[in-house]
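Summary of the model geometry
Listed below are the residues making up each chain.
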Amino acid sequence: MTRWLDDDEQRTWRNYLAVTQLVQEALDRQLQREAGMPHTYYMILVALSEAPGRSMRMHELARRAQSSQSRLSHAIARLEERGWVCRNPCAGRPARQHRRADRRGVRRPRSSRARPRRGGTAQPVRRPHS
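How each quantity is defined
Residues numbered from 1 in each chain as written. Predicted model: local features only at pLDDT ≥ 70, side-chain atom pairs only at ≥ 80, totals over all residues. Heavy atoms only, no water. Helix = DSSP H or I, 4+ residues; strand = E, 2+ residues; numbered from the N terminus. Contact = heavy atoms within 4.5 Å. Axes fitted to C-alpha atoms, helices over the stretch in contact; angles between N-to-C directions. Parallel < 35°, antiparallel > 145°, perpendicular 65-115°, else oblique. Nonpolar A, V, L, I, M, F, W, Y, C, P; charged D, E, K, R; others polar.

Its identity is not glycine, yet Arg 54 carries a phi of approximately 55°, on the positive side. Here Arg 54 shows up in the loop between helix 2 (39–50) and strand 1 (55–57). Positive phi values are uncommon outside glycine, yet Gln 66 reaches one of about 55°. Secondary-structure assignment places Gln 66 in the loop between helix 3 (58–64) and helix 4 (69–81).

As structure tokens, this is what we get:
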């Protein structure tokens with residue numbers, strides 16, 4: 001049987017949850033402001049851009065993006081509307097489809113140049129002047 005947390009452990013756990021929520025919210029706000037997308041969309045585009053052929057099946061993408069299939073389907077629909085991803089049929093399984101990042105979708109994470117910094121937010125990476 002699992003032991004319940006004592007008062008001190010419970011306080012520590014709740015503080016941890018509160019801080020991680022604040023970090024996630026700060027990332028979402030900054031990515032929305034600087035790159036025009038929520039953190040979830042960014043994670044999806046990064047996962048697709050790193051996949052072989054920039055293509056993944058939906059269940060693999062949901063696992064990689066740490067999302068439910070329902071939430072992922074909604075996000076993919078928005079990314080398709082923006083022209084950042086497209087559908088590709090799976091070889092030999094026409095009812096199943098891969099999602100593929102198109103060139104604009106692959107460029108989007110790179111063009112935002114967002115990266116985590118101290119404090120758990122993101123900031124643009126400035127390129128050195130040539």
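What follows concerns the environment of Tyr 41. Within the secondary structure layout, Tyr 41 lies in helix 2. For the pair Tyr 41 and Ala 75, spaced 34 residues apart in sequence, the C-alpha to C-alpha distance is 6.6 Å. Once residues within four sequence positions are removed from consideration, Tyr 41 is found in contact with Ala 75, Arg 78, Leu 79 and Arg 82.

To continue, consider the packing of helix 2 against helix 4. Contact pair helix 2 / helix 4: the axes reach a minimum separation of 10 Å and the direction vectors enclose 80°. Classed by the angle they form, the pair helix 2 and helix 4 counts as roughly perpendicular. Of helix 4, the residues touching helix 2 (which contributes Tyr 41, Ile 44 and Leu 45) are Leu 72, Ala 75, Ile 76, Arg 78 and Leu 79. Across the contact of helix 2 with helix 4, the residue classes break down as 7 nonpolar, no polar and 1 charged.

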